[in-house]
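Notes for the structure review
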Amino acid sequence: MIGYVLGTYKESKKITIKHDPIPAVNWPAMTMRFTRVADTKADDIKPGDKVAFTFVQQGNISVLRDIHISK
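Within each chain, residue numbers correspond to sequence positions counted from 1 in written order. Reporting in this predicted model follows two pLDDT cut-offs: at least 70 for local features of residues, and 80 or more for side-chain atom pairs to be given and counted; totals over whole chains, interfaces and linings ignore these cut-offs and use all residues. The basis for the side-chain values is all heavy atoms of the structure; hydrogens and waters are excluded.

Section: the overall build of the chain
The helix and strand inventory of the chain stands at zero helices and five strands. Only runs of H or I of at least four residues qualify as helices and only runs of E of at least two qualify as strands under DSSP, and these elements are numbered from the N terminus. When the elements of the chain are put in sequence order from the N terminus, they spell out β-β-β-β-β. Within these notes, the globule rule equals 2.2 Å times the number of residues to the 0.38 power, and the radius of gyration is based on C-alpha atoms. Taken over the C-alpha trace, the chain has a radius of gyration of 11 Å; the compact-globule value for 71 residues is 11 Å, and the two agree within 12%. Counting only C-alpha atoms and orienting by the principal axes, one finds that the chain spans roughly 30 × 30 × 15 Å. Think of it in three bands: residues with accessible area under 20% of the maximum for their type are buried, residues over 50% are exposed, and the middle band is partly exposed, with areas taken using a 1.4 Å probe on protein chains only. Every one of the 71 residues in the chain was classed for burial, and the buried ones make up 35%. Within the chain, contacts between residues separated by at least 24 positions form 41% of all contacts whose residues are at least 6 apart in sequence. For the chain, the accessible area works out to roughly 4,700 Å², and carbon and sulfur atoms hold 53% of it. All tallies of charge rest on Lys and Arg as positive and Asp and Glu as negative; His and the ends of each chain are not included. All charge positions are set by atom: Lys at NZ, Arg at CZ, Asp at CG, Glu at CD. Each charge sign in the chain was given a centre, from 11 positive and 7 negative side chains, and these centres are 2 Å apart. Residues are treated as being in contact if the distance between any of their heavy atoms lies within 4.5 Å. The Shrake-Rupley method, run with a 1.4 Å probe sphere, supplies the accessible areas, and residue values consider only the shown protein chains as cover.

Right, here's the structure in full:
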């Protein structure tokens, strides 16, 4: 997935991303807050960055599996 970072919250390990539709789960384009796991390399990511990311759904929590700045 490709999206744009709107906010990063290091204390709560959350990242808000505005992303395109996700057909695999029938979601339209939207803005969501994702939880990042400790090994996700996201410390250099800041609001305004274009990112490529993958995630898994764990109940009602969207957990980032991978995220990096996209060109």
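Moving on, there is more to tell.
With respect to the nonpolar core
Here, nonpolar core refers to any group of buried Ala, Val, Leu, Ile, Met, Phe, Trp, Tyr and Cys residues whose side-chain atoms link them within 4.5 Å. Core analysis: the largest hydrophobic core is formed by 13 residues, its most contacted members being Ile15, Ile17, Phe34, Val51, Phe53, Leu64 and Ile67. If you tally residues by element for this core, the top one is strand β4 (residues 50-58), at three residues. Not counting the four nearest positions on each side in its chain, Val51 is found in contact with Met1, Ile2, Gly3, Val5, Ile17, Ile45, Ile67, His68, Ile69 and Ser70.

Regarding the confidence of the model for the chain
Per-residue confidence from the predictor is given as pLDDT, running between 0 and 100. The pLDDT averaged across the chain works out to 89; a share of 94% of its residues lies at or above 70. Within the chain, strand β5 (residues 61-69) has the poorest average pLDDT of any element, 90, and strand β2 (residues 14-19) the best, 96.

Here's the deal with the packing of aromatic side chains
Pairing of aromatic rings covers Phe, Tyr and the six-membered ring of Trp, with a centre-to-centre limit of 6.5 Å; geometry is then stacked below 30 degrees between planes, edge-to-face above 60, and tilted otherwise. Tallied over the entire structure, the rule returns four aromatic pairs. On the basis of an interplanar angle of 65° and a centroid distance of 5.3 Å, the ring pair of Phe34 and Phe55 is categorised as edge-to-face. On the criterion of sequence distance, the pair formed by Phe34 in strand β3 (residues 30-36) and Phe55 in strand β4 is long-range, its members being 21 residues apart. Phe34 sits in the buried class, given a relative accessible area of 0%. Relative accessible area serves as the criterion here: at 17%, Phe55 is assigned to the buried category.

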